[in-house]
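Summary of the model geometry
Here is what each chain is made of, one letter per residue.
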Amino acid sequence: MNTCVQTLVSPSAAPAVASDGSARRLPGDLAIWFFILAELLAFGAFFLAYAFARANNVELFNEQQLALDRNAGALNTILLLTSSYLVVRAVQAAEAGQSRRAATWIAGGFACGAGFVVVKLFEYVAKFAAGVSLSSSTFHMFYLILTFFHFMHVILGLVILAALWNGARKGRYGPGNMNGIETGAAYWHMVDLVWLILFPLVYVMR
Amino acid sequence: MRNHESPTRALHHSDHGTPLRATVIWVVLIAATIVTWSVGENGGSGPAVVGLLFAIAFGKGALIILDYMALRRAPLMWPLLALGWMTLVCALIGIAYWKGLAA
């Protein structure tokens, strides 16, 4: 890790970034960023549909929101944030030429993402056992559609992390080959980003 | 394209910040999450509380966008698009909340 820190904060590093405007660079593939924008628009549309549906049913939404498991929601927020952090560390390790160390960080990120899936499944099972379904109320319809749409993105993100782990383990990533790991990491951070709005919107706002 | 750049690029500068910076940001993100959770646990409601919730969400989102996604060093269009999305979504949620208060 010391090597990593030294490489990243060496005195020669700082001025090149701060003063050189041409150093601006979009990480990963351009295509993933268009995909991320499309995803953000889709999630944004869902969030606003929820918010304006709530405006017409405030009492129903406030009442049924109380039955949500905020502890599970907060725990899942922490798991996704931690997973994002570990993936950042993986990218930094790759940037420092330590691809196999990056694989270890990615494995940690995958474990946190998998933890999210487990917590979410427990939450769904409890909800279904309580008779919640897509048709049981407007609130439940939005809760299930929004969280499940996000859940599917987490699943895809885990597949991507598994692919990155495999590549990193084989020493594929390094300062001269950051494209794959940056592209996958960008997608994973997007999954985290939309949850940061979903959690206060659906679980807390009243 | 970038794959053909000099392998010494990382020696000149980092596009992804330092591990220390990433760790400090993680601590801030977790602390902010605990604030949001405790607001929920205490049944906080009303415009001021909702304003706080989405100010926190915006701040967390900005850290993810600028630092974890590394858009701080990307061409300006990209951080502006992502932050613009956050701003728009948070503002419209605020308008919807206000509409619900008035109803």
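Here, the structure is the one placed above.
The text that follows walks through the structure, step by step, so that each part is easy to find. (Residues numbered from 1 in each chain as written. Chains lettered and ligands numbered in written order. Predicted model: local features only at pLDDT ≥ 70, side-chain atom pairs only at ≥ 80, totals over all residues. Heavy atoms only, no water.)

With respect to empty space enclosed by the protein
Applying the stated criterion to the full structure yields four cavities of 30 Å³ or more. Counted as a void, the largest cavity has a volume near 80 Å³. Forming the walls of the largest cavity are 15 residues, and the residues nearest its centre are H16, G17, R21, D67 and R73 of chain B. For the lining of the largest cavity, the residue count by class is six nonpolar, four polar and five charged. The computed volume of the second largest cavity comes to approximately 70 Å³. If one sorts the elements of the lining of the second largest cavity by residue count, helix α8 (residues 179–204) of chain A sits on top with four residues. Here the lining of the second largest cavity is built from residues that sort into ten nonpolar, two polar and one charged. (1 Å grid on protein atoms, 1.4 Å probe; cavity = no way out; pocket = protein on both sides within 12 Å on 5 of 7 lines; lining within 4 Å. Points joined across faces, edges and corners; volume = space filled by probe spheres on them. Nonpolar A, V, L, I, M, F, W, Y, C, P; charged D, E, K, R; others polar. Helix = DSSP H or I, 4+ residues; strand = E, 2+ residues; numbered from the N terminus.)

Here we look at the interface of chain A and chain B
Contacts between the two partners involve 66 residues from chain A and, on the opposite side, 59 residues from chain B. Approximately 5600 Å² of surface area, both sides summed, lies buried where chain A meets chain B, with 70% of it carried by carbon and sulfur atoms. The interface formed by chain A and chain B includes two salt bridges. Notably, a salt bridge pairs R70 of chain A with E41 of chain B, separated by 3.0 Å at the nearest N-O pair. Our count for the chain A to chain B interface comes out at 19 residue pairs in polar contact (both at pLDDT 80 or more). Only α1 (2–9), α2 (13–19), α3 (30–56), α5 (70–95) and α8 of chain A provide two or more residues apiece to the side of chain A that touches chain B. (Contact = heavy atoms within 4.5 Å. Buried area = accessible area lost by both parts, 1.4 Å probe. Salt bridge = Lys/Arg side-chain N within 4 Å of Asp/Glu carboxyl O. Polar contact = N/O pair within 3.5 Å; in protein donor to acceptor, adjacent residues only side chain to side chain.)

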